[in-house]
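The lines below spell out each chain.
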Protein chains: 2
Amino acid sequence: MRIVNPYVSVDCVLLGFDGERLNVLVVRQTNREGNVDTGCYKLPGSLIYMDEGLDEAAQRVLKQLTGLVQVKMFQFKAFGGVDRLADSKDSVWLERFHNLDHHLERIVTIAYLSLLRIDRKMTLDDGFEAHWIPVNDIPRLAFDHNDIVSEAVTSVRRMTTLDPTMLFGLLPRKFTAAQLRVVMENVAGISIDIKNFHKKLATMPYVVPLDEKEEGVKHRAARYFKFKSVNRR
Amino acid sequence: MRIVNPYVSVDCVLLGFDGERLNVLVVRQTNREGNVDTGCYKLPGSLIYMDEGLDEAAQRVLKQLTGLVQVKMFQFKAFGGVDRLADSKDSVWLERFHNLDHHLERIVTIAYLSLLRIDRKMTLDDGFEAHWIPVNDIPRLAFDHNDIVSEAVTSVRRMTTLDPTMLFGLLPRKFTAAQLRVVMENVAGISIDIKNFHKKLATMPYVVPLDEKEEGVKHRAARYFKFKSVNRR
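Every chain's residues receive numbers from 1 upward, in the order its sequence appears when written. Lettering of chains starts at A and numbering of ligands starts at 1, both following the order in which they are written. Two thresholds apply to this predicted model, a pLDDT of at least 70 for residue-level local features and 80 or more for giving and counting side-chain atom pairs, whereas whole-chain, interface and lining totals are computed over all residues. For the side-chain quantities, the full set of heavy atoms in the structure was used; hydrogens and water were omitted.

Student: Tell me about the side chain of B:Glu214, and please be specific about residues and values.
Tutor: Helix and strand assignments come from DSSP, with helices taken as H or I runs of at least 4 residues and strands as E runs of at least 2, each series counted from the N terminus. Here B:Glu214 lies in the loop between strand E9 (207-213) and strand E10 (223-227). In this structure B:Glu214 is buried but unpaired, with B:Arg220 as the nearest side chain of opposite charge at 9.1 Å. Throughout this description, buried means an accessible area under 20% of the type-specific maximum (1.4 Å probe, protein chains only), exposed means over 50%, and partly exposed covers the range between. For the purpose of charge, His is not counted, nor are the chain termini; Lys and Arg are scored as positive and Asp and Glu as negative. Put simply, a salt bridge is a Lys or Arg side-chain nitrogen that is within 4 Å of an Asp or Glu carboxyl oxygen.

What follows is the structure, given as structure tokens:
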């Protein structure tokens, strides 16, 4: 049996909520100078460097490709299937991008995950054409990145069933019941009955009503809620 | 910045409960023929081969080094710090074991985790000297394997707080309240009040009393319980 000497990369699945839909952040498969190469979209990622650990690589990538800093990400899964380079355009692109002098036989990638709200103040780097794309409307991505996004969403679904407080990263600090309901619908991929949602809200120990309401809205101003961490023991 | 071309391994953290304590499965750092090499213990693990994915590598390792088959394991974390080969005896051992013709600069390992009960029928492979060692009594292991075990235990602690049904892998199909309490104490690293435990048990929707009691015991026969999966939505 031959030992394989693969390259190792990190890839970042950033899931963002824009108030209506769950989105994922993608960048173009550009060349080193930031010009379009294959034209394909991919997750923000990179091979790891000599002097960095996995977490540092993930933070470097995010900063370099999207301009985002201090985004709390956590490892979600390693992908190392034998057919990750099935589409030769991806290995050719990577060899060219990194000036590698030998053929890539395998890449194992460590995927990171983050849930955040899409803030209008967020400025995405033009060079790599970072874009938010609705999760339900993703084109064919490079490598196995469609599978990675899909496993990330499944994983978030499972994790938030056990720990719904994870969802609060997707929302602003103060949020309305409607905003929380739409986030839950988007993540769970189901629709939630509007009428019963206020009752359901009352059973969530981690959601606390505030003495504040929306201002300057045309419809009836909705009450704001905030998230409270709950000790489970 | 230089791209690193590391080797990739899998390591298996098998946590087993013997009725009294939480144990972890370790093997000797032997040579290829199964003879003692460095004398150190390590987690069951291996570099990955050309034609196998990560999950298959983990299953191969476990079978080869411990004789265990069909153990349900899941990925728990990738470890890829720059100082994983800080102790040169580990890289020398690995180069020798695999007849590598160049120096190892880096290994990224994908750690797998499993919770199981230690069954008397389990026969461990003699060649690699597989042993169960109490988690609270682990010697200095090779590589960063002490850190990996310690993060695995922390991770199980966090996961079982959210989803206590994970604990049932550690118990026989029918178990007594005392057995469940001892498992919980071991995993949480705290002691649980015996008197209130029966009350606490009644609040666990995933634990169901059976119409069966222990037989042939000297003390008062305890009732058996079984685990029931609960729909959380």
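Student: Before we move on, can you summarise the pattern of salt bridges with the specific residues and values?
Tutor: All names here are of chain A. Counted by the stated rule, this structure contains 19 salt bridges over all chains. Asp90 is the salt-bridge partner of Lys89, the closest N and O atoms lying 2.4 Å from each other. Given the relative accessible area of 27%, Lys89 is considered partly exposed. For Asp90, a relative accessible area of 1% gives the class buried.

Student: Requested: an account of the sheet that holds strand E8 (residues 175-176) of chain B, with residues and values cited.
Tutor: Residue and element names in this part refer to chain B. Pairing between two strands requires that DSSP report at least two bridges joining them. Reading across from one edge, E8-E10-E9 is the order of the three strands in this open sheet, with antiparallel pairing throughout. A single partner strand is all that each edge strand has here, and the edge strands are E8 and E9. Relative to E10, E9 runs antiparallel, the two sharing four bridges. Note that in E10 the partner of Val207 across the bridge is Phe227.

Student: Quick rundown of the relation of the copies chain A and chain B? Include the residues and the values.
Tutor: To superpose the copies, least squares is applied to the C-alpha atoms of every residue with a pLDDT of at least 70 in both. Its rotation angle being 180 degrees, the transformation that places chain A on chain B also includes 0.1 Å of axial translation and leaves an RMSD of 0.1 Å. Interpreted geometrically, this transformation is the action of a two-fold axis. For chain A, the minimum C-alpha distance to the rotation axis belongs to A:Leu162 and amounts to 2.9 Å. The criterion used for residue contact is that any of the two residues' heavy atoms lie within 4.5 Å. The residues that chain A uses at the interface reappear at the interface of chain B in 100% of cases, marking a shared surface.

Student: Go over the environment of B:Gly169, please, and point to the residues and values.
Tutor: All names here are of chain B. Checked against the element boundaries, Gly169 lands in the loop between helix H3 (145-162) and E8. Placed 55 residues apart in sequence, Gly169 and Ser114 show a C-alpha to C-alpha distance of 8.5 Å. Discounting chain neighbours no more than four positions away, the residues touching Gly169 are Leu115, Leu116 and Arg117.

Student: Before we move on, could you go through empty space enclosed by the protein and cite the residues and values that matter?
Tutor: Empty space among the atoms becomes apparent when a probe as large as a water molecule is rolled across them. Residue and element names in this part refer to chain B. Cavity means a closed set of points on a 1 Å grid over the protein atoms alone, one where a 1.4 Å probe fits but cannot get out, pocket means an open set with protein on both sides within 12 Å along at least 5 of 7 lines, and lining means a residue has an atom within 4 Å of a point. Grid points are joined across faces, edges and corners, and a volume is the space filled by probe spheres set on the points. For the structure shown, the criterion picks out one cavity of 30 Å³ or more. In this structure, the largest cavity occupies an estimated 250 Å³ of space. Listed by contribution, the elements that provide at least two residues to the lining of the largest cavity are strand E1 (7-17), strand E2 (22-30), strand E4 (45-47), helix H1 (54-66), helix H2 (88-97) and strand E6 (107-117). With four residues, E2 is the single largest residue contributor to the lining of the largest cavity. Tallied by class, residues from the lining of the largest cavity come to 10 nonpolar, nine polar and six charged. Residues are sorted three ways: Asp, Glu, Lys and Arg are charged, Ala, Val, Leu, Ile, Met, Phe, Trp, Tyr, Cys and Pro are nonpolar, and all the rest, Gly among them, are polar.

Student: With reference to specific residues and values, describe the interface of chain A and chain B.
Tutor: Facing the 34 residues of chain A at the interface are 34 residues of chain B. Joining two parts hides part of their accessible area as seen by a 1.4 Å probe, and the buried area is that hidden amount summed over both. The contact between chain A and chain B buries some 3,300 Å² in all, and 65% of this surface belongs to carbon and sulfur atoms. Here a polar contact is taken to be a pair of N or O atoms separated by no more than 3.5 Å, where protein atoms must pair a possible hydrogen donor with a possible acceptor and residues adjacent in sequence count only if both atoms sit in side chains. Between the two partners, chain A and chain B, sit 15 residue pairs in polar contact (both at pLDDT 80 or more). For the side of chain A that touches chain B, the secondary structure elements donating two or more residues are strand E1 (7-17), strand E5 (74-79), strand E6 (107-117) and helix H3 (145-162) of chain A. Residue contributions to the side of chain A that touches chain B peak at four residues, all from E5(A).

Student: Residue-level account of the packing of aromatic side chains, with values.
Tutor: The criterion for an aromatic pair is that two Phe, Tyr or Trp rings (for Trp, the six-membered ring) have centres within 6.5 Å, with stacked assigned to planes under 30 degrees apart, edge-to-face to planes over 60 apart and tilted to the rest. In total, this model carries 12 aromatic pairs over all chains according to the counting rule given. Among the aromatic residues, those joined into a cluster by ring pairs are A:Phe168, A:Phe175, A:Tyr206 and A:Phe227. If you follow B:Arg60 out to its NZ or CZ, it ends over the ring of B:Tyr49, 3.7 Å from the centre. By definition here, charges over rings are those cases where NZ of Lys or CZ of Arg is within 6 Å of the ring centre and within 35 degrees of the ring normal.

Student: Let's hear about the environment of A:Asp11: which residues, and what values?
Tutor: Residue and element names in this part refer to chain A. Residue placement: Asp11 occurs in strand E1. With 159 residues separating them in the primary sequence, Asp11 and Leu170 have C-alpha atoms 20 Å apart. Those residues within four positions of Asp11 in sequence are excluded, and the remaining contacts are Leu43, Pro44, Gly45, Arg84, Thr109, Ile110, Ala111, Tyr112 and His145. At a separation of 3.5 Å, a polar atom in the side chain of Asp11 contacts the side chain of His145.

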